[in-house]
There are 2 protein chains.
Amino acid sequence: MESGCRRRHKGEVEDSVKRASVTLHEVAAAAGVSIATASRALTGKDRVSAQTAEHVAAVAERLGYRVNLIGRGLRAGTGATIGVVVPVISNPFYGELIHRLEDHLQQRGFDLVIADSHGDVERERDRLRMLVERRVEGVFVVPSDAELSFDAVADTATRVPLVQLDRRVIDLPADFVGVDNHRGIELAIAHLTAAGATRLVLVSGNDVTSVGRERREAFENTVRARALPRKENIFGEYLLRFGEEAARTLLSRGPLPDAIVAGDDLVAAGVIAALKRALVHVPSDVQVTGFDGTMLADVCEPRLTTVVQPFDELAREAVEALTRRMDQPDAPYVLSRVAPSLRVAESTSADH
Amino acid sequence: MESGCRRRHKGEVEDSVKRASVTLHEVAAAAGVSIATASRALTGKDRVSAQTAEHVAAVAERLGYRVNLIGRGLRAGTGATIGVVVPVISNPFYGELIHRLEDHLQQRGFDLVIADSHGDVERERDRLRMLVERRVEGVFVVPSDAELSFDAVADTATRVPLVQLDRRVIDLPADFVGVDNHRGIELAIAHLTAAGATRLVLVSGNDVTSVGRERREAFENTVRARALPRKENIFGEYLLRFGEEAARTLLSRGPLPDAIVAGDDLVAAGVIAALKRALVHVPSDVQVTGFDGTMLADVCEPRLTTVVQPFDELAREAVEALTRRMDQPDAPYVLSRVAPSLRVAESTSADH
DNA sequence: CTGTTAGCGCATTCAT
DNA sequence: ATGAATGCGCTAACAG
């Protein structure tokens, strides 16, 4: 009728070892109270005499006690943790986004666990599985493939509240928060044509990601709507290197277009770098626009005119969507689009 | 003599609710075996008949079972998790570093939990505490302050294997892995002086971080050793904006130096941007070097000559140091310095 | 206000 | 090869 034999190879040697962490049990014993009282005193969520509360706190402090979130989590059925899976943490865009996400989550008392899928579907599946097995409260994911990510993301969504961020999986019934890519591309094109440009080329990510598709479609639609000449666009990955390659391709094709609409800032930076090396002047010879509004846009020379994503709003919307899903698991799925804005800088000419 | 009353408001409704995850208990029941056998069958670490193993696996699959890492962690006393605290995840340098860390840890079966201290000592303390309470196996930390981070980092180090990364806390008895800043600055200066530059100015982070101190000391020492003229250096934060301000300050001072040695790529990019706006040509009017070797160096125009940190080696060394500390908690502390290299590009002239 | 007790999900002895 | 039982650290009933 007792709680079994307590392990005895601990407790005495404790001080020298140090690394074997102090348990609530030990704090309670040292304070001369029951483990329940110790728990209450420390969490403060329940009635305890101010005196014992203080005493227990002092003892805990002296012993260097730290709650074991694993124990608490098991009991509570959950730790207060949210997970996020991004394709490449080293892309400044995701770095900035995570930054904001963490801010908003912190306000609501959640910790953020970050995982990197390296843009690989297999790895993405692994990371999502890990988060599920950790029993995180919710998951944000930037799917690495608009189609191939389906199974893993869909399965995860049945197990835990999930919100797709920035990119989405085609036909997946799950919440999504991202920028209005159509509006963004339109802003860029409107700005360029206002300055007199008519021959535009899109250099962007391919159809593997939803973002790539949307920006391509937006570009094609807008060009058609404005009856601009149709040129051959170039598609690849959202990498600096791709931007450089694309620029070289354009140069080899003959006469340059009036303007190059890049799929993101990274690609735009690559394009500009390659053009300058070929002694092509931006914006007088050819104008360039970016997308995202990362620090890269400010580092470029000339500084990049770019479609700015509202990072903070994006993060706020995403957290809101997730908490809504947590509260109402059966609410209808929402696709939330935040409006981008255009930041005009030096890579597009004012010299009409 | 039984295992108590098992909760009964579950199990039957399960299918519709879905979100209440399947337990090992339920798998065992459905498979008609004991929970112990189910556990063995699934982990595969113990003897089970191939037949039951297969059967259990099938049932688990059908039920959509996922281990509860919280439960396993409590039992095992630990989950296989490593934590890392960085000052700013949106700095490409840390993004890249985390990327590599994750790679090396994955090979050893560890998950990485990333936390952002925003360069704030209070927040850093919070994040470290969170990791300790989660009972992570080990911690990497890039201390945000060479002195004020002492208490929190020191305390954490007594509780869990810890390795300081990139930056360190002064006089803290704990492992450290970082680049050889002295060597790096020397490489930059040697390159610049070889091209004939003599009047050098350092524009770098202040003494708040160990990196700032070391690069400043390295610069001062090298300048002295080479008997170069001493100029007034400029110190601030590792931000794009600081680089711009510093460049303006230099311009207002009168004649420019032969070369500007920037504390990192971000600062260098800011310096270059501001110089170009003032119609100062790089490298013919003034040369500029960076530090880190991030993608920013390639985005700059002209491309930045920079001291490249070997990210992969850094990460590998760090993981090695951590596992060593985990295996031998009482081994002497080591300060590991990896050697940087110089990547010469366009921001320093070859036109001697 | 405080103590007793049960049990979260899992892996692991110890029997069989 | 399998099952029964125990406890990891913690909190939440339930008594007192």
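Here is what the cut-offs are and how they apply
Residues numbered from 1 in each chain as written. Chains lettered and ligands numbered in written order. Predicted model: local features only at pLDDT ≥ 70, side-chain atom pairs only at ≥ 80, totals over all residues. Heavy atoms only, no water. Domains from an automatic or database assignment. Helix = DSSP H or I, 4+ residues; strand = E, 2+ residues; numbered from the N terminus. Expected span 1.5 Å × (residues − 1). Buried < 20%, exposed > 50% of the residue type's maximum accessible area, 1.4 Å probe, protein only. Pairing = 2+ DSSP bridges. Axes fitted to C-alpha atoms, helices over the stretch in contact; angles between N-to-C directions. Contact = heavy atoms within 4.5 Å. Phe/Tyr/Trp six-rings, centres within 6.5 Å; stacked < 30°, edge-to-face > 60°. Buried area = accessible area lost by both parts, 1.4 Å probe. Salt bridge = Lys/Arg side-chain N within 4 Å of Asp/Glu carboxyl O. Polar contact = N/O pair within 3.5 Å; in protein donor to acceptor, adjacent residues only side chain to side chain. Nonpolar A, V, L, I, M, F, W, Y, C, P; charged D, E, K, R; others polar. Right-handed = clockwise from strand over helix to strand, strands pointing away. Near = heavy atom within 4 Å. 1 Å grid on protein atoms, 1.4 Å probe; cavity = no way out; pocket = protein on both sides within 12 Å on 5 of 7 lines; lining within 4 Å. Points joined across faces, edges and corners; volume = space filled by probe spheres on them. UniProt positions renumbered as here; feature names shortened; annotations may be inferred.

Digging into the domain arrangement of chain A
Now for step 1: Once the domains are mapped, chain A shows domain 1 (2-63), domain 2 (80-178 + 317-338) and domain 3 (181-310).
Now for step 2: For domain 1 of chain A versus domain 3 of chain A, the distance between C-alpha centres works out to 62 Å.

Describing helix 7 (residues 121-133) of chain B
Residues and elements named next belong to chain B.
Now for step 1: The terminal C-alpha atoms of helix 7, which comprises 13 residues, lie 18 Å apart, in line with the 18 Å expected from a rise of 1.5 Å per residue.
Now for step 2: Every buried residue of helix 7 is accounted for by V121, R123, E124, R127, L128, M130, L131, V132 and E133.
Now for step 3: In the stretch just after helix 7, R135 is the one whose phi turns positive, near 55°.

Some words on the sheet that holds strand 12 (residues 341-343) of chain A
Residue and element names in this part refer to chain A.
Now for step 1: Strands sit in the order 7-6-8-9-10-12 across an open sheet of 6 strands; the sheet is mixed. For this open sheet the edge positions go to strand 7 (234-236) and strand 12, each flanked by a neighbour on one side alone. Sheet twist, expressed as the average angle between the axes of neighbouring strands with direction ignored, equals 20°.
Now for step 2: Two elements, strand 10 (residues 305-308) and strand 12, share 3 bridges in a ladder whose sense is antiparallel. The residue of strand 12 that forms the bridge with V307 is L342.
Now for step 3: Packed on one face of the sheet, helix 11 (residues 240-253) meets strand 6 (200-205), strand 7 and strand 8 (259-262) and runs near 155° to strand 7.

Considerations on the packing of aromatic side chains
Now for step 1: Across all of its chains, the model carries 4 aromatic pairs over all chains by this definition.
Now for step 2: Here the aromatic rings of F93(A) and F311(A) are separated by 5.5 Å at their centres, their planes lie at 50°, and the arrangement is tilted. In this pair, F93(A) is assigned in helix 6 (residues 92-107) and F311(A) in helix 14 (residues 311-327), connecting sequence segments 218 residues apart. Taken individually, F93(A) and F311(A) each receive the classification buried, so the pair is uniform in this respect.
Now for step 3: Ring geometry for F93(B) and Y94(B): centres 5.0 Å apart, planes at 70°, overall edge-to-face. As far as the burial class goes, F93(B) and Y94(B) line up, both buried.

Brief notes about the interface of chain B and chain A
Now for step 1: The partner chain A presents 63 residues to the 64 residues of chain B that form the contact.
Now for step 2: Here chain B packs against chain A, burying approximately 6000 Å² in sum over the two surfaces, 51% of which is carbon and sulfur.
Now for step 3: A salt bridge links D111(B) to R134(A); its shortest N-O distance comes to 3.1 Å.
Now for step 4: Here chain B is connected to chain A by 25 residue pairs in polar contact (both at pLDDT 80 or more).
Now for step 5: Contributing elements (two or more residues each) for the side of chain B that touches chain A: helix 5 (69-76), helix 6 (92-107), strand 2 (111-116), helix 7, helix 8 (150-159), helix 11 (240-253), helix 12 (265-277) and helix 13 (295-299) of chain B.
Now for step 6: At 8 residues, the largest contribution of residues to the side of chain B that touches chain A is made by helix 6 of chain B.
Now for step 7: Split by residue class, the side of chain B that touches chain A holds 28 nonpolar, 12 polar and 24 charged.

Digging into the pairing of strand 2 of chain B
Residue and element names in this part refer to chain B.
Now for step 1: Among the 6 residues in strand 2, 6 count as buried, and that is most of the element.
Now for step 2: The pairing of strand 1 (residues 81-86) with strand 2 spans 6 bridges and is parallel. Bridge pairing in strand 2 places T81 opposite D111.
Now for step 3: Where the polypeptide runs from strand 1 across helix 6 and back to strand 2, its parallel neighbour, the crossover connection is right-handed.

Some remarks on the protein's contact with DNA strand D
Now for step 1: What surrounds DNA strand D is a group of 30 residues, the closest being L24(A), Y65(A), R75(A), T37(B) and R47(B).
Now for step 2: In the model, a phosphate oxygen of DNA strand D is placed 2.5 Å from a nitrogen or oxygen of the L24(A) main chain.
Now for step 3: At 2.7 Å from a phosphate oxygen of DNA strand D is found a main-chain nitrogen or oxygen belonging to S49(B).
Now for step 4: Going through the elements one at a time, helix 3 (35-43) and helix 5 (69-76) of chain A together with helix 3 (35-43) and helix 5 of chain B are the ones with two or more residues in the surface near DNA strand D.
Now for step 5: Per element, the largest residue contribution to the surface near DNA strand D is 5 residues, and it comes from helix 3 of chain A.
Now for step 6: Each residue belonging to the surface near DNA strand D can be placed in one class, and the counts come to 12 nonpolar, 10 polar and 8 charged.

Some words on empty space enclosed by the protein
All names here are of chain A.
Now for step 1: Going through the model one piece at a time under the given rule, you end up with 1 cavity of 30 Å³ or more.
Now for step 2: If you add up the space inside the largest cavity, you get close to 30 Å³.
Now for step 3: Looking at the largest cavity, the residues that line it are N91, P92, F93, D264, D265, L266, D292, T294 and L296.
Now for step 4: Where the lining of the largest cavity is concerned, the elements lending two or more residues are helix 6 and helix 12 (265-277).
Now for step 5: By residue class, the composition of the lining of the largest cavity is 4 nonpolar, 2 polar and 3 charged.
Now for step 6: Each of domain 2 (80-178 + 317-338) and domain 3 (181-310) accounts for three or more of the residues forming the lining of the largest cavity.

Looking at the UniProt feature "domain: HTH lacI-type" (unreviewed entry) in chain A
Now for step 1: In the numbering used here, UniProt assigns the feature "domain: HTH lacI-type" (unreviewed entry) to residues 22-76 of chain A.
Now for step 2: Counting secondary structure, residues 22-76 of chain A comes out at 71% helix and 0% strand; the distance between its end C-alpha atoms is 20 Å.

Some thoughts on the pattern of salt bridges
Now for step 1: According to the stated counting rule, one finds 46 salt bridges over all chains in the structure shown.
Now for step 2: The partner of D298(A) in a salt bridge is R343(A), with the nearest N and O atoms 3.9 Å apart. With D298(A) in helix 13 (residues 296-299) and R343(A) in strand 12, this residue pair connects regions lying 45 residues apart in the sequence.
Now for step 3: Judged by its relative accessible area of 31%, R343(A) is partly exposed.
Now for step 4: Salt bridges here are not isolated pairs; linked through shared partners, they connect E102(A), D111(A), R127(B) and R134(B).

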